[in-house]
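Remarks on the overall topology
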Amino acid sequence: MATLVLSGFSQEHATFNHVWSALMLEELYRLGVRDVMVAPGSRSSPLTMAASEHAGLRCHCHFDERGLGFMALGIARGSYRPVVVITTSGTAVANLYPAVVEANLLGVPLIVLSADRPIELLDNGSNQAIDQRDMFSRHTIVHHDLPPPDAEIKAAFLLSTIDQAVDQQRRMPGPIHINCRYREPLYPGNCLVDGSDYLAPLGNWLTTSKPWSDWPTRTAMPTVKSDWKAFAQQRGLIVVGRIDDSQQAQQIVELSKQLGWSLLADIQSQIHFDPHNLIHFDLALHDERFSAELAQAEVLLQFGGQLISKRLTQFIAQQPWQDAWLVDPLPQRLDPDYCVKRRLICQPADFIADLPTHTEQSPWHQLASLQRRTSQLVEERCTTFSELGVCHQLAQQAEGQLFVGNSLPARLMNMLGTHRQTPLQVFANRGASGIDGLIATAFGLSCICSEPTTIVLGDTSALHDLNSLALVKQAAQPLVVVILNNDGGSIFHMLPVPKRGDLLERYYRQPHGLSFEYAAKMFGLGYSAPNSLDAFSAAYTEALKAGVTLIEINVPHQQVADGLKDLGEEIRGEPREQ
């Protein structure tokens, strides 16, 4: 019998299901996949075995599909490569839904390979059988429902299907779902399958490392040279949202210097802590003088979408721009207030490279000096042990990469901090801005980073992803989980939710009264609960040296809302209530 070898995978003792699975995983490897996430399951056994036996693929395992999906999201974002997720059939697939939604909104290339029953086992009471066709609806770029492996179906069909799907993903980044139906047998047995005749028509594919079919992607760079001169001569404002590439982000800083335009960079921009950024712009917008000066801007140039600052998005929406351009490689609108007049779908670096060179212009504004008062008040307000103080301190002290949780932590980190001389890579799941899988995503990012990783998130978010603490204990580099425990959803103190009776407490904030000390012990993590800023600084410094540490910050639930209210009143110059 002929033996098929694909990058180390042997056909010996394989079923025909395994032949198809090996073909898919090999083609995905040739198309750039290096990491495969595997959840336990029986129906997915052909896929699991093909992945585990492939010499070029790294397999990552987790018992919780929801956490596995978000871990894949983190690895894909950090590696800039597509990542495969393998699950068994039934609700296992449905548990990937939140991660698929986030991947779609962020343009992250996940490839879900879900095992499934054949069609004759649906809708008749068969175990673990649900309708998985187009499970993720409009949240995927491509969906394929494959037939069960069959020798009458050409192997080239399978390879070409994979090639076309990945090409579509490259053109419009986001998740792919390939539903793989398998009939039994699912496990290797004594009956060997000789696939040589079936695979022979693939010819050179069997001896080369190239994909079956070439789908060259040609994206025309939108030219703006004819309009740029008039645009650049006006008083401009550069706003920066989510950008993962630090080098591209730094080019935006240089462009703002050349133009003399103010720079307002989000915490997700990789240049939030750059000395040229107006770092406290979110809070400074409370100041009428700062806002009035900013309102002198006539044109807007925005890189990246999904801004965290609500005050900034409101300012952009209300400003009567003469022109507004948005540059982002994702072909999404990214324009919640419909202000954008020119949408440029390209990388920031490509856009900037196409611009004519400029001599450096003097700033048209006095925003830096007008922001100083706000920055001074921030420093004064962040000297006590509080969520404000801890986030401000963490922004200065963090090393390597920082993953910022949603709800309050993202907003606080976007408001606070000081300019840094050392770089800090910052990530957040701000596509759907959910609290799902935050720990798992951060761990995924840590898997492809040789530096420490810090996660800062709220207590409700941590409880929502508690299973993923089983992942973080495997971290190869120092990993610090900072949990801001204000006993529930304290962000609701700052929202206009109904507060009569027990509505706020019972139905919105939902206090839990839980501590994370025993969670740390359960999952084998180091633990610290500092009660001062100095103690936090010392605990964090120690945690960066090695291992995995959970640092719990216990604070009163009303404290952060009161602190932000008082700080806003001071910046506005309003008398404080006694």
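The paragraphs below set out a description of the structure included in this document.

Let's talk about the environment of Leu255
- Looking at where Leu255 falls in the secondary structure, it is placed in helix α9 (residues 246–259).
- According to the relative accessible area criterion, Leu255 is buried, its value standing at 4%.
- For the pair Leu255 and Phe281, spaced 26 residues apart in the sequence, the C-alpha separation amounts to 19 Å.

Focus: the sheet that holds strand β10 (residues 262–265)
- Read from one edge of the open sheet, five strands run β10-β9-β11-β12-β13, paired in parallel fashion. Only two strands of the sheet have a single neighbouring strand rather than two, namely β10 and β13 (342–344). Sheet twist, expressed as the average angle between the axes of neighbouring strands with direction ignored, equals 15°.
- Sheet analysis places strand β12 (residues 323–327) next to β13, joined by three bridges and oriented parallel. Its bridge partner being in β13, Val327 is matched across the sheet by Leu344.
- The strands touched by α9 are β9 (236–240), β10 and β11 (299–303); relative to β9, the strand with the most contacts, the crossing angle is about 170°.

Brief notes about the layout of surface pockets
- Its boundaries defined by the atoms lining it, the largest pocket holds a volume of some 1000 Å³.
- Around the largest pocket sit 37 residues that line it, and Gly107, Pro173, Pro329, Leu330 and Gln347 are the ones nearest its centre.
- Where the lining of the largest pocket is concerned, the elements lending two or more residues are α3 (65–79), α6 (155–171) and α13 (348–353).
- Grouping the amino acids of the lining of the largest pocket by side-chain chemistry returns 20 nonpolar, eight polar and nine charged.
- Taken as a whole, the second largest pocket holds about 710 Å³ of empty space.
- Listed by contribution, the elements that provide at least two residues to the lining of the second largest pocket are α10 (281–284), α12 (310–318), α16 (408–415) and α23 (559–572).
- Residue composition of the lining of the second largest pocket, by class: 10 nonpolar, seven polar and nine charged.

Thoughts on the packing of helix α14 (residues 367–381) against α23
- At a minimum axis distance of 10 Å, the contact between α14 and α23 shows a crossing angle of 150°. The pairing of α14 with α23 is recorded here as roughly antiparallel in orientation. The handedness of the crossing between α14 and α23 comes out as right-handed. Together, Arg373, Thr374, Leu377, Val378 and Arg381 of α14 and Asp566, Leu567, Glu570 and Ile571 of α23 make up the contact between the two elements.
- In terms of residue class, the contact of α14 with α23 is built from four nonpolar, one polar and four charged.

Remarks on the sheet that holds strand β6 (residues 110–116)
- A sheet is described by the order of its strands in space; here six strands give the open sequence β4-β3-β5-β6-β8-β7, paired in parallel fashion. Sheet topology places β4 (58–61) and β7 (142–146) at the edges, where each strand pairs with a single neighbour. Neighbour-to-neighbour, the strand axes of this sheet turn through a mean angle of 20°, independent of strand direction.
- Relative to strand β8 (residues 176–181), β7 is paired through five bridges, and the arrangement is parallel. In the strand pairing of β8, His144 is matched with Ile178.
- Across the face of the sheet, α3 comes into contact with β3 (35–38), β4, β5 (83–87) and β6 while running at roughly 170° to β5.

Concerning α14
- Compared with an ideal rise of 1.5 Å per residue, which puts 15 residues at 21 Å, α14 spans 21 Å between its outermost C-alpha atoms and is within 8% of the ideal.
- Along α14, the sharpest change in direction is near 30° and occurs at Arg373.
- When α14 is considered as a whole, its buried residues turn out to be Leu367, Gln371, Thr374, Ser375, Leu377 and Val378.

Some remarks on the packing of aromatic side chains
- Scanning the model with the defined rule gives 13 aromatic pairs in all.
- Seen from their ring centres, Trp228 and Phe231 are 5.7 Å apart, and the 35° between their planes marks the pair as tilted. Here Trp228 and its partner Phe231 are both found in helix α8 (residues 225–232), three residues apart, which amounts to about one turn of the helix. The exposure classification of Trp228 matches that of Phe231, with both residues buried.
- On the numbers, 5.9 Å between centres and 50° between planes, the contact of Trp228 with Trp325 is tilted. Here the residue Trp228 occupies a position in helix α8, and Trp325 occupies one in strand β12, the gap between them amounting to 97 residues. In this pair, the class of Trp228 matches that of Trp325, namely buried.
- Its guanidinium or amino end placed over the ring of Trp205, Arg30 lies 3.9 Å from that ring's centre, counting from NZ or CZ.
- Here the guanidinium or amino end of Arg34 rests over the ring plane of Tyr29, the centre of that ring lying 4.0 Å away.

Points about α12
- For α12, every residue scored as buried is listed here: Leu312, Phe315 and Ile316. Across the axial projection of α12, the buried residues extend over an arc of 100°, all falling on one side. Set apart from the buried face of α12 by more than 90 degrees, the exposed residues are Lys310 and Gln318.
- For α12, the secondary structure elements touched by its buried residues are β9, β10, α10, α11 (288–294) and β11.
- With a side-chain oxygen positioned 3.5 Å from the backbone nitrogen of Arg311, the residue opening α12 is Ser309.

A word on empty space enclosed by the protein
- Under the criterion given, the structure shown has one cavity of 30 Å³ or more.
- Counted as a void, the largest cavity has a volume near 40 Å³.
- Every residue along the wall of the largest cavity is listed here: Arg242, Gly305, Gln306, Asp328, Leu330 and Leu334.
- Considering only residue class, the lining of the largest cavity consists of two nonpolar, two polar and two charged.

A word on the pattern of salt bridges
- With the rule as written, the count across this model stands at 19 salt bridges.
- Across the pair Glu298 and Arg235 runs a salt bridge whose closest N-O atoms are separated by 3.4 Å. Of this pair, Glu298 sits in the loop between α11 and β11 while Arg235 is found in the loop between α8 and β9, placing the two residues 63 residues apart along the sequence.
- By relative accessible area, which is 32% here, Arg235 ends up partly exposed.

Parameters and conventions
Residues numbered from 1 in each chain as written. Predicted model: local features only at pLDDT ≥ 70, side-chain atom pairs only at ≥ 80, totals over all residues. Heavy atoms only, no water. Helix = DSSP H or I, 4+ residues; strand = E, 2+ residues; numbered from the N terminus. Buried < 20%, exposed > 50% of the residue type's maximum accessible area, 1.4 Å probe, protein only. Pairing = 2+ DSSP bridges. Axes fitted to C-alpha atoms, helices over the stretch in contact; angles between N-to-C directions. Contact = heavy atoms within 4.5 Å. 1 Å grid on protein atoms, 1.4 Å probe; cavity = no way out; pocket = protein on both sides within 12 Å on 5 of 7 lines; lining within 4 Å. Points joined across faces, edges and corners; volume = space filled by probe spheres on them. Nonpolar A, V, L, I, M, F, W, Y, C, P; charged D, E, K, R; others polar. Parallel < 35°, antiparallel > 145°, perpendicular 65-115°, else oblique. Left-handed = near helix turned anticlockwise from the far one by under 90°. Expected span 1.5 Å × (residues − 1). Bend = angle between axes of the 7 residues up to and from the residue. Phe/Tyr/Trp six-rings, centres within 6.5 Å; stacked < 30°, edge-to-face > 60°. Lys NZ or Arg CZ within 6 Å of the ring centre and 35° of its normal. Arc of directions from axis to C-beta. Polar contact = N/O pair within 3.5 Å; in protein donor to acceptor, adjacent residues only side chain to side chain. Salt bridge = Lys/Arg side-chain N within 4 Å of Asp/Glu carboxyl O.

Spatial relationships are all this shows, so hold off on functional conclusions.
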